[in-house]
Amino acid sequence: MNENASFNIHSPIASDGDGFVLHDEDRNHILEERDHYEQPQAACIEALKIVQRRHGWVPDGAIPAIAEVLGVGPASVEGVATFYSLIFRQPVGRHVILICDSSSCFLTGFDELREAITAELGIEFGQTTEDGRFTLLPVCCLGACDRGPAMMIGDDTFGPVPPDSVAELLKEYA
Amino acid sequence: MSTRRNEFRYHSQLRQSAAERHAETHPLTWRLREDGALIGLDEYVDKQGYSAVKKVLGELSGQDVIDTMKEANVRGRGGGGFSAGVKWSLTMQGGDLPRGYLVCNADEMEPGTFKDRLLLEQQPHLLIEGMILAAYANNSFYGYVFLRGEYVEAAQAVSKAIGEARAAGWLGTNIAGSGFDFDIALHTGAGRYICGEETALINSLEGKRANPRNKPPFPGQSGAWGKPTVVNNVETLCNVPAVMQHGAKWYQELSGGLSDDGGTKLYGVSGRVNRTGLWELPIGTSGAELLDRAGGVKDGRGLKTWLPGGGSTGFLLPEHLELALDFDTIGEYGSRLGTGLLAVVTEDQSVVSLVRNLEAFFARESCGWCTPCRDGLPWTLKILQSLERGEGEQGDIELLESLATDLGPGRTFCAHAPGAAMPLESSIRHFRHEFEAGITHRRHAAHEDPIPVGEV
């Protein structure tokens with residue numbers, strides 16, 4: 001890991017909340033989601049995603065806050081938060097780049113695409129640019145195999161992405 | 001919207017023109033538009049949409065639907081190949097049993113698979129209609145579309161379609177005046193391949209870590225929140241309306257003499273070919289025809305090997321291209337049909353590197369619940385990495401073979417590790433020489449006498 005591009009972690013230990021306050025809109029949204037299921041624990045993943053949409057990641061204090069809204073234990077929220085790859089328990093950049101590293105993209109230029117992005121941004125997988133603009137992560141087969149190599153930036157899916165066009169594409173994400 | 005984004009934006013696209021697709025022969029795709037735009041409720045209804053629901057809920061019993069599905073022999077299109085009708089016949093219902101759940105597995109993440117995306121993004125009402133019919137057959141009171149989180153466009157399409165269907169009375173209470181109640185919610189995931197495993201998916205739906213569950217009990221006995229639960233793939237469910245509209249015999253005959261299985265299949269080709277894409281063809285179509293439709297291998301290269309239906313299927317050789325791509329035939333050659341989307345490997349691409357890539361995927365995606373998978377896959381990966389670097393030891397290939405056996409069926413809670421074992425075992429069987437080329441080190445060379453100290 002490149003030390004210069006490491007995450008800004010204030011404390012490696014889960015704190016009592018770091019002053020996190022659940023936004024009222026998010027609380028209501030979580031309660032709405034809860035009604036889609038027989039038991040409130042089921043809304044846990046969606047709740048984490050709701051918090052993440054607002055904050056970019058899931059701060060420590062969000063775990064007990066979500067647990068309280070759903071009426072479940074904080075451990076069962078944290079256990080879920082750390083299992084799923086698209087829930088971020090560390091700060092990420094404004095735009096998360098997901099490069100598909102599965103077989104079909106591997107056969108059609110994944111390595112070249114990854115190298116081009118790394119060269120452009122100076123970050124490897126798991127790292128965030130110093131200006132906080134991009135985080136780079138690998139992702140399971142994106143289901144865009146007919147147009148590999150494929151990648152996502154935020155909610156946008158692209159493919160095929162020629163390595164020499166990466167710089168121009170990234171420019172469109174401020 | 002700026003230009004580069006639009007230039008490189010991914011669009012799911014069928015490779016068959018509208019003129020080639022007909023209601024009588026292409027039950028999954030005949031309604032799809034040339035421009036690939038989303039088919040809304042009005043257009044779907046204009047094209048015979050929801051007529052199967054009207055027919056079935058008005059005239060037939062749930063048992064009739066199960067019988068027809070069994071006779072049509074619609075085999076699970078998520079890759080398992082288990083008859084949907086048989087699965088449904090094992091769902092517990094009646095008596096004092098509570099009504100259960102109908103879950104659509106839209107967690108498409110199998111490496112090399114891009115078929116469900118097309119159906120979800122362009123024709124979500126077909127899926128909803130299939131889900132209503134499946135729910136009716138299984139006496140389910142509520143349904144979920146379990147969709148992977150990365151399918152953003154599909155989420156918008158499905159969400160919109162659920163709203164439209166509910167407003168039009170196709171979902172909710174007393175559907176089409178039949179007295180049958182059923183509704184659907186969209187559940188989007190947050191990553192992890194293992195969520196596609198039937199029982200892991202149920203755990204994930206319940207808001208837990210996606211560890212698979214022990215079987216029995218099977219989901220049809222005790223699934224989501226302990227209630228009878230049916231989990232079917234998107235493509236499987238999308239076949240139901242046409243089966244119920246035109247009958248089991250019609251469906252069976254779609255595959256003609258090509259296969260004992262019924263119906264069509266959304267086949268595809270990826271890798272370095274001239275025309276990658278998706279085609280709806282009779283099940284049992286040969287790999288040769290698919291490769292032909294894909295315009296052959298790019299730049300005149302030779303074909304080395306191919307995967308018939310995802311990363312968890314076994315490698316096949318060019319001579320196997322003549323085989324019918326159906327579950328039983330491919331199963332006889334040390335592989336599986338899987339999802340039926342071919343990944344083509346050209347003569348200049350390294351099998352060892354590709355298998356390393358596949359095993360890295362399976363090692364990363366293991367949920368970690370059982371030992372052979374959690375520990376065996378990283379071990380496998382490590383050996384493959386040394387072979388790839390040309391630093392393999394004598395005995396590595398035999399070790400990989402024994403790992404492939406120990407990761408195989410019957411040793412683990414779910415099919416994840418056996419899925420990883422199949423490409424490993426078959427690649428060594430077909431391409432042993434490529435693995436042998438990665439061995440340069442003597443066995444245990446580092447331990448022979450690494451720090452000689454002389455007489456003590």
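Refer to the structure above for everything that follows.
Residues numbered from 1 in each chain as written. Chains lettered and ligands numbered in written order. Predicted model: local features only at pLDDT ≥ 70, side-chain atom pairs only at ≥ 80, totals over all residues. Heavy atoms only, no water.

S.K.: I keep staring at the overall build of chain B and nothing clicks. Help me out?
M.R.: Scanning chain B from terminus to terminus reveals 17 helices and ten strands. Over its C-alpha atoms chain B spans a radius of gyration of 23 Å, differing by no more than 12% from the 23 Å that the globule rule assigns to 456 residues. Across its three principal axes, chain B shows a C-alpha extent of roughly 95 × 55 × 50 Å. In chain B, the share of contacts with a sequence separation of at least 24, taken over all contacts with a separation of at least 6, comes to 70%. Of the roughly 16,900 Å² that chain B leaves accessible, carbon and sulfur atoms contribute 50%. Of the side chains in chain B, 45 bear a positive and 58 a negative charge, and the two mean positions are spaced by 5 Å. (Helix = DSSP H or I, 4+ residues; strand = E, 2+ residues; numbered from the N terminus. Rg over C-alpha atoms; globule rule 2.2 N^0.38 Å. Contact = heavy atoms within 4.5 Å. Areas by Shrake-Rupley, 256 points an atom, 1.4 Å probe, with all protein chains shown as cover. Lys, Arg positive; Asp, Glu negative; His and termini not counted. Charge placed at Lys NZ, Arg CZ, Asp CG, Glu CD.)

S.K.: Teacher, can you tell me more about the overall build of chain A here?
M.R.: Counting its regular elements, chain A contains seven helices and four strands. Reading the secondary structure of chain A in the N-to-C direction produces α-α-α-α-β-α-α-β-β-β-α. By the burial criterion, 57% of the 174 residues in chain A qualify as buried. At a minimum sequence separation of 6, the contacts of chain A that also span at least 24 residues come to 64%. As displayed, chain A has an accessible area near 7,600 Å², and 49% of this comes from carbon and sulfur atoms. (Buried < 20%, exposed > 50% of the residue type's maximum accessible area, 1.4 Å probe, protein only.)

S.K.: Would you mind showing me how to read unusual backbone geometry here?
M.R.: Phi is mostly negative for residues that are not glycine, and the peptide bonds are mostly trans. All names here are of chain B. Look at the link from K215 to P216: it is a cis peptide, with omega at -5 degrees. Position of P216 among the secondary structure elements: in the loop between α9 (198-205) and β4 (229-233). Looking along the chain, the bond that leaves P216 and enters P217 is cis, with omega of 0 degrees. Looking at where P217 falls in the secondary structure, it is placed in the loop between α9 and β4. One non-glycine residue with positive phi stands out, namely R192, at about 85 degrees. Positionally, R192 belongs in the loop between β3 (183-188) and α9. Of note, W225 is a non-glycine position whose phi angle comes to about 50 degrees, a positive value. Locating W225 in the fold gives a position in the loop between α9 and β4.

S.K.: Explain the pairing of strand β1 (residues 100-106) of chain B here, please?
M.R.: Residues in a regular strand point their side chains to alternate faces of the sheet. All names here are of chain B. Burial of β1 is extensive: seven of the seven residues sit out of reach of the surface. Pairing of β1 with strand β2 (residues 140-147) involves seven bridges; the strand directions are parallel. Bridge pairing in β2 places A106 opposite L147. Bridge analysis of β1 against β4 gives five bridges, and the strand direction is parallel. Note that in β4 the partner of C104 across the bridge is N232. (Pairing = 2+ DSSP bridges.)

S.K.: What's the story with the pattern of salt bridges in this structure? I'm lost.
M.R.: All names here are of chain B. For the structure shown, the criterion picks out 48 salt bridges over all chains. Linking E20 and R293 is a salt bridge whose minimum nitrogen-to-oxygen distance equals 3.2 Å. You can see E20 sitting in the loop between α1 (3-8) and α2 (41-46) and its partner R293 sitting in helix α12 (residues 287-293), a full 273 residues away along the chain. Through salt bridges with shared partners, a single ionic network connects R77, K115, D116, E235 and K265. (Salt bridge = Lys/Arg side-chain N within 4 Å of Asp/Glu carboxyl O.)

S.K.: Can you walk me through the interface of chain B and chain A in this structure?
M.R.: One widely used convention gives an interface's size as the accessible area the parts lose upon coming together. If you look at the interface, chain B gives 62 residues, while chain A gives 49 residues. Summed over the three residues of chain B that lose the most area to chain A, namely R5(B), F8(B) and Y10(B), the buried surface amounts to 15% of that side. Connecting chain B to chain A are six salt bridges. Between R4(B) and E168(A) there is a salt bridge; the shortest N-O distance is 2.9 Å. Counting across the interface, chain B meets chain A through 33 residue pairs in polar contact (both at pLDDT 80 or more). Every element with two or more residues in the side of chain B that touches chain A is listed here: α1, β2, β3, α9, β5 (264-271), β8 (341-346) and α14 (351-365) of chain B. Here the side of chain B that touches chain A takes eight residues from α14(B), the largest share from any one element. In the side of chain B that touches chain A, the residues fall into 25 nonpolar, 20 polar and 17 charged. (Buried area = accessible area lost by both parts, 1.4 Å probe. Polar contact = N/O pair within 3.5 Å; in protein donor to acceptor, adjacent residues only side chain to side chain. Nonpolar A, V, L, I, M, F, W, Y, C, P; charged D, E, K, R; others polar.)

S.K.: What's the story with the nonpolar core in this structure? I'm lost.
M.R.: Counting 184 residues, the largest nonpolar core has L48(A), I97(A), W88(B), I132(B), F182(B) and F435(B) as its most contacted members. Here this core takes ten residues from helix α7 (residues 124-138) of chain B, the largest share from any one element. Excluding anything up to four places from it in sequence, I132(B) contacts Y50(B), V53(B), L57(B), W170(B), L171(B), I175(B), F180(B) and F182(B). One finds L281(B), I283(B), L303(B) and L325(B) within the second-largest nonpolar core, a separate group that totals 21 residues. (Core = buried A, V, L, I, M, F, W, Y, C linked by side-chain atoms within 4.5 Å.)

S.K.: How do you make sense of the environment of E398(B) when you look at a structure like this?
M.R.: Residue and element names in this part refer to chain B. You can see E398 is positioned in helix α16 (residues 396-406). Assessed through its relative accessible area of 43%, E398 is described here as partly exposed. Sequence separation between E398 and L266 is 132 residues, and the spatial gap between their C-alpha atoms is 38 Å.

S.K.: I would appreciate a short explanation of the pairing of β5(B) in the present structure.
M.R.: Residue and element names in this part refer to chain B. β5 sits mainly inside the fold: eight of its eight residues count as buried. Neither face of β5 is exposed, since T264, L266, G268 and S270 on one face and K265, Y267, V269 and G271 on the opposite face are all buried. Where β5 lies against strand β6 (residues 277-282), six bridges are found, and the strand directions are antiparallel. Across the sheet, the residue bridging to L266 is E280, located in β6.

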